[in-house]
Amino acid sequence: MFENLTKLLGFFFSSFSCSFFLALASELNGLFPSPSPADDQGPTERQVQGGRYANIGKDLTHSWNPPHRRILGWLAHFNPRLKHRSLSRGLAGGGESSFDGKMADELKHSNSLPATMRCVTVKGYGKIDDMVGFSERWPVPEPGKGEMLIKVLACSLAPGDIRNLRGDCDYFGPKCPYIPGGDVCGVVLKLPTSSSSCSSLSKFKEGDVVVAMFHFRPQGGLADYALVKTAHSAKIVLKAPSSSRNKSNGFLSACEAAAIPSSALAAMLAAKSSVRKGDRVLVLGGGGGVGSHLLQFLKNYGASHVAVTAAASPSSAEAKRLVGLGADDVIDYRRENWWEWKPNNNQNQFDMVVDLVGSYESWRRAAKRGGVLKTGWKGGRYLTFTGDERYMQIHSLMGLYSFLGKMVSRALFTRIFWPFYPKWTHFMDTDPTNGNLDELVRLAAAGEFRPVLDRRSPYKFKLSEVKKAMKLQESYHAKGKVVIRIAN
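What counts as what
- Residues numbered from 1 in each chain as written.
- Predicted model: local features only at pLDDT ≥ 70, side-chain atom pairs only at ≥ 80, totals over all residues.
- Heavy atoms only, no water.
- Helix = DSSP H or I, 4+ residues; strand = E, 2+ residues; numbered from the N terminus.
- Buried < 20%, exposed > 50% of the residue type's maximum accessible area, 1.4 Å probe, protein only.
- Contact = heavy atoms within 4.5 Å.
- Core = buried A, V, L, I, M, F, W, Y, C linked by side-chain atoms within 4.5 Å.
- Polar contact = N/O pair within 3.5 Å; in protein donor to acceptor, adjacent residues only side chain to side chain.
- pLDDT = per-residue confidence, 0-100.
- Axes fitted to C-alpha atoms, helices over the stretch in contact; angles between N-to-C directions.
- Parallel < 35°, antiparallel > 145°, perpendicular 65-115°, else oblique.
- Nonpolar A, V, L, I, M, F, W, Y, C, P; charged D, E, K, R; others polar.
- Pairing = 2+ DSSP bridges.
- Lys, Arg positive; Asp, Glu negative; His and termini not counted.
- Salt bridge = Lys/Arg side-chain N within 4 Å of Asp/Glu carboxyl O.

### Quick look at the overall build of the protein chain
Helix and strand counts for the protein chain come out as 16 helices and 14 strands. When burial is assessed residue by residue, the protein chain has 54% of its 488 residues classed as buried. Considering only residue pairs separated by 6 or more positions, the protein chain has 76% of its internal contacts joining residues 24 or more positions apart.

### A closer look at the nonpolar core
With 59 residues, the main nonpolar core has Cys185, Val283, Leu298, Val354, Phe385 and Leu440 as its most contacted residues. Counting residues per element, this core draws most heavily on helix H10 (residues 263–274), which supplies eight residues. In contact with Val283, not counting residues within four places along its chain, are Leu294, Leu295, Leu298, Val306, Ala307, Val308, Thr309, Val354 and Leu356. If you look at the next biggest cluster of nonpolar residues, it comprises 44 residues, including Val122, Met131, Cys155 and Val466.

### What about the environment of Ser135?
On the secondary structure map, Ser135 appears in strand S2 (residues 132–139). The spatial distance from the C-alpha of Ser135 to the C-alpha of Arg118 is 5.6 Å, given a sequence separation of 17 residues. There is a polar contact of 3.2 Å between the side chain of Ser135 and the backbone nitrogen of Arg137.

### Quick notes on helix H15 (residues 436–445)
Within H15, seven of the 10 residues are buried, which leaves it mostly tucked inside the rest of the structure. Those residues of H15 that sit buried are Asn436, Leu437, Glu439, Leu440, Val441, Leu443 and Ala444. The inward-facing, buried residues of H15 abut strand S5 (209–212), strand S7 (233–235), H10 and helix H11 (291–298). Gly447 occupies a position one or two residues after H15 and carries a positive phi of about 75 degrees.

### Some thoughts on the confidence of the model for the protein chain
Summary statistics for the protein chain give a mean pLDDT of 77 and a share of 72% for residues scoring 70 or more. Taking the mean pLDDT of every element in the protein chain, the minimum, 29, falls on helix H5 (residues 85–92) and the maximum, 97, on strand S14 (residues 483–485). Contacts of residues 1–111 to residues separated by more than four positions or lying in other chains number 160 contacts, the stretch itself having pLDDT below 50. Ignoring residues within four places in sequence, the model shows residues 242–249, a span with pLDDT below 50, making 11 contacts including any to other chains.

### Overview of the side chain of Asp454
In this structure, Asp454 sits in the loop between H15 and helix H16 (463–475). Look at Asp454 and you get buried, because its relative accessible area is 1%. Reaching out from Asp454, the side chain makes a polar contact with the backbone nitrogen of Lys479 at a distance of 2.8 Å. Each residue touching Asp454, except ones within four places of it in the same chain, is listed here: Leu472, Ala478, Lys479, Gly480 and Lys481.

### Describing the packing of H11 against helix H12 (residues 317–325)
The geometry of H11 relative to H12 is characterised by a closest axis approach of 8 Å and an angle of 40 degrees between their N-to-C directions. Our classification of the angle between H11 and H12 gives oblique. From H11, Ser292, Leu295 and Gln296 reach across to H12, where they touch Arg321, Leu322 and Leu325. Residues that form the contact of H11 with H12 fall into these classes: three nonpolar, two polar and one charged.

### Considerations on the sheet that holds strand S10 (residues 329–332)
Backbone hydrogen bonds are what pair the strands of a sheet, in a parallel or an antiparallel way. Strand order in the open sheet formed by six strands is S10-S9-S8-S11-S12-S13, and the pairing between neighbours is parallel. Of all the strands in the sheet, just S10 and strand S13 (423–426) have a single pairing partner and so form its edges. This sheet shows a mean twist of 20 degrees between the axes of neighbouring strands, independent of strand direction. Note: strand S9 (residues 305–310) against S10, four bridges, orientation parallel. If you follow Thr309 over to S10, its bridge partner there is Ile331. Helix H13 (residues 360–367) rests against strand S8 (280–284), strand S11 (352–355), strand S12 (381–384) and S13 of the sheet, and its axis sits at about 170 degrees to S12.

### Quick word on the side chain of Asp183
Tracing the backbone shows Asp183 in strand S4 (residues 183–190). Salt bridges are absent for the buried Asp183, whose nearest opposite-charge side chain, Lys481, sits at 4.4 Å. Within the structure, Asp183 has its side chain in polar contact with the side chain of Ser262 (distance 2.3 Å). Aside from chain neighbours lying at most four places away, what touches Asp183 is Ala154, Cys155, Ser156, Ala212, Met213, Phe214, Ala258, Pro261, Ser262 and Lys481.

### Topic: the pattern of salt bridges
Using the criterion set out here, one finds 21 salt bridges in the structure. Measuring nitrogen to oxygen at the nearest pair gives 3.7 Å for the salt bridge that ties Arg166 to Glu474. Here Arg166 is found in helix H8 (residues 159–166), whereas its partner Glu474 is found in helix H16, with 308 residues between them in sequence. Put simply, Lys299 and Asp328 hold a salt bridge, and the shortest N to O gap is 2.7 Å. Placement of Lys299 in the loop between H11 and S9 and of Asp328 in the loop between H12 and S10 is noted, with a sequence separation of 29 residues between them. Its relative accessible area of 34% is what places Asp328 among the partly exposed residues.

### Examining the environment of Val308
Structurally, Val308 is set in strand S9. Sequence-wise, Val308 and Trp338 are 30 residues apart; in three dimensions their C-alpha atoms are separated by 9.1 Å. Ignoring anything within four residues of it in the chain, the contact list for Val308 reads Leu282, Val283, Gly286, Leu295, Leu322, Ala327, Asp329, Val330 and Ile331.

See the structure below:
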């Protein structure tokens, strides 16, 4: 009955909203044209001359380049004075997170930035070993409106990186070749020349250390330099590399800072908007990038009891890690079915299930009356971050329409029949604007939560290490965030 009603509502929904989704898909297709795999590891000559790389087109087309500009670029790339020793010295004592004034002036006025940079590249959709490469000559981009150029210190991976690479959503995926990675920590090097007319830029200056989240999809972060949206960035104070973590001042390393923008932000916003005081919460797959941070936020926002599923026996180190992050019970899904699980004290059903795995079967089992989750009548909610599939597949207009239609129809169905089914919601709020990312940074500085990195992180910024990091992200067995250190 449930599935028949769902299909009927989906059809009903489609008859009234087809034109809307057609228009939406047309706009997306226009903004993000279909990718065309290329073997080149950098932009073409036409892209350089016509795009935002036009200012360095002469370098890439082998036209004459003045010797002094080449020397300045070479010195800027290798001169030890441009390392971040002053940054570490200033932040160790809790000072302002910026370069000294002389260095900032040099970066601003001396044209010392190199013309090209190192970066990881993706030449087409496919397997990691086949498509991921490394370039030494990718042009350093110029910031546009609402953007700033940063020197990247560290970059963390996200599920979207694997989704882009495999072409799971190639209908509006990135145009190849492109630079993967989106969540970054870095130092502001350059603001747009028209920054005075843009109020969103007023809180940043050259030399600030920032964390930034990608815009729409992870792209551009695995490089020496990257463009970030000012609206998606927040200032942060870093600890000196040689100092130990001190909870009293909340200093983070660059790698810890790079781990928080999207995953920890999603976890904070989900807990903030969905948890009610006294809730009993079950988290499916709570050991990864989002889950490791969600466990820390749930009780901060009112949850009374938190259980989590993981591949972890009760006495294992992984179970102890999850308990340390905030879980009260760890359910080893290899040995017992979470949908049949009863706590030792046989307490009531869960008020909310958070699905970080992605499976229709999980929803069907949780929605079964008399199971682990309350009905909507009693306040039961099912919150999924992934939908019915771990990696959503959108290869065409109909694929996009099917994804949106299924998501809306199920949410609508469970709200119409809420006395009998828990309310189903596909959580997609990872908005870093409106002070959300600033609030997350403040919580980290106050020690309200700690960024969680997989024990194998950080990886080195070289091709073999980056491939290992991507394969770990793809495996869905990372215990925290996967981070690549770009610079010291």
